[in-house]
Amino acid sequence: IDPRWAELLKIKDNNLKKYGNNFELSIRIGGLIGYVRNGSISHTKYNGEIILKQYPKAAWYSGVTLNIGGLLGYCRDNQKLSFSESKCSEISIESPTWEKYEYYANAPTAPEIRVGGLIGWAAISNIVKCCKSQCDLINVISHGFPFASSPSVFIGTLIAFTNYGNSINSLYNCLGILKSVKTKENKIDLFFFANNC
């Protein structure tokens, strides 16, 4: 998957200055669905790979958030996922290269990259039942962040990230298998979750 970020958003990288560097990029990609809110999903399967390459070559964004899941990129609000499976030979994420500090009036927030074998980000009362995730390789390439804080990378065998205080994500009879994780960056904060089930 190569969505050509700036082209997708109909904004050329050399025009991003017009936004005063207050333009935040959020990408949600799943083997089945990128973003889902409410409802139920059952008896689904994805078998393949997910490759996200950086674009544009230089980033002017005030922040970047990537939510990538082998089945669902982002799901929230009483979402029910059951009897479903994701089998990825590879999930590979490459973040953009940041411009120099002097181009910003205010330093952007540190990028957050969330990669889950099944779900990238699950928030607010999700129920995951009888699901399986198997991934041979999760590969994250970050091209540096020339500001005070470090990029955060969250990786989970099933779910990479939840952050709402009232989140209740319940997992029943699920299995997450992750054979290998590779990261490339001289300075990142890496969080790994072997989700209990």
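Everything below is about the structure printed above this text.
What follows concerns the packing of aromatic side chains. We describe a pair of aromatic rings using the distance from one ring centre to the other and the angle between the two ring planes. A full pass over the atoms with the stated rule returns five aromatic pairs. When the centroid spacing of 5.1 Å and the interplanar angle of 10 degrees are considered together, the rings of Y35 and Y74 count as stacked. Of the two residues, Y35 sits in strand β2 (residues 33-37) while Y74 sits in strand β7 (residues 72-76), which places them 39 residues apart along the sequence. Residue class for Y35 comes out partly exposed when judged on its relative accessible area of 36%. Note on Y74: relative accessible area 3%, which makes it buried. Note on F154 and F161: the rings are 4.6 Å apart at their centroids and 65 degrees apart in plane angle, and the pair reads as edge-to-face.

Assignment of secondary structure puts S142 in the loop between β15 (138-141) and β16 (152-156). The residues contacting S142, other than those within four sequence positions of it, are S95, P151, K184, E185 and I188.

In this section: unusual backbone geometry. The phi angle at F83 is positive, at roughly 50 degrees, despite the residue not being glycine. Of note, F83 is situated in the loop between β8 (80-82) and β9 (85-94). Judged by relative accessible area, which is 44%, F83 ranks as partly exposed. Of note in this structure, C130 is not a glycine but carries a positive phi near 55 degrees. The topology assignment puts C130 in the loop between β13 (127-129) and β14 (132-135). According to the relative accessible area criterion, C130 is partly exposed, its value standing at 25%.

This brings us to the pattern of salt bridges. Using the criterion set out here, one finds two salt bridges in the structure. For R114, the salt bridge is made with E112, and the minimal N-O distance between the two is 2.1 Å. Among the residues examined, E112 registers a relative accessible area of 24% and is labelled partly exposed. Measuring nitrogen to oxygen at the nearest pair gives 3.4 Å for the salt bridge that ties D136 to K179. Linking D136 in the loop between β14 and β15 with K179 in the loop between β19 (175-178) and β20 (181-184), this pair joins segments that are 43 residues apart in sequence. Judged by its relative accessible area of 32%, D136 is partly exposed. On the accessibility criterion, K179 (58% relative accessible area) is exposed.

Reading the values: rules and limits
- Residues numbered from 1 in each chain as written.
- Predicted model: local features only at pLDDT ≥ 70, side-chain atom pairs only at ≥ 80, totals over all residues.
- Heavy atoms only, no water.
- Phe/Tyr/Trp six-rings, centres within 6.5 Å; stacked < 30°, edge-to-face > 60°.
- Helix = DSSP H or I, 4+ residues; strand = E, 2+ residues; numbered from the N terminus.
- Buried < 20%, exposed > 50% of the residue type's maximum accessible area, 1.4 Å probe, protein only.
- Contact = heavy atoms within 4.5 Å.
- Salt bridge = Lys/Arg side-chain N within 4 Å of Asp/Glu carboxyl O.

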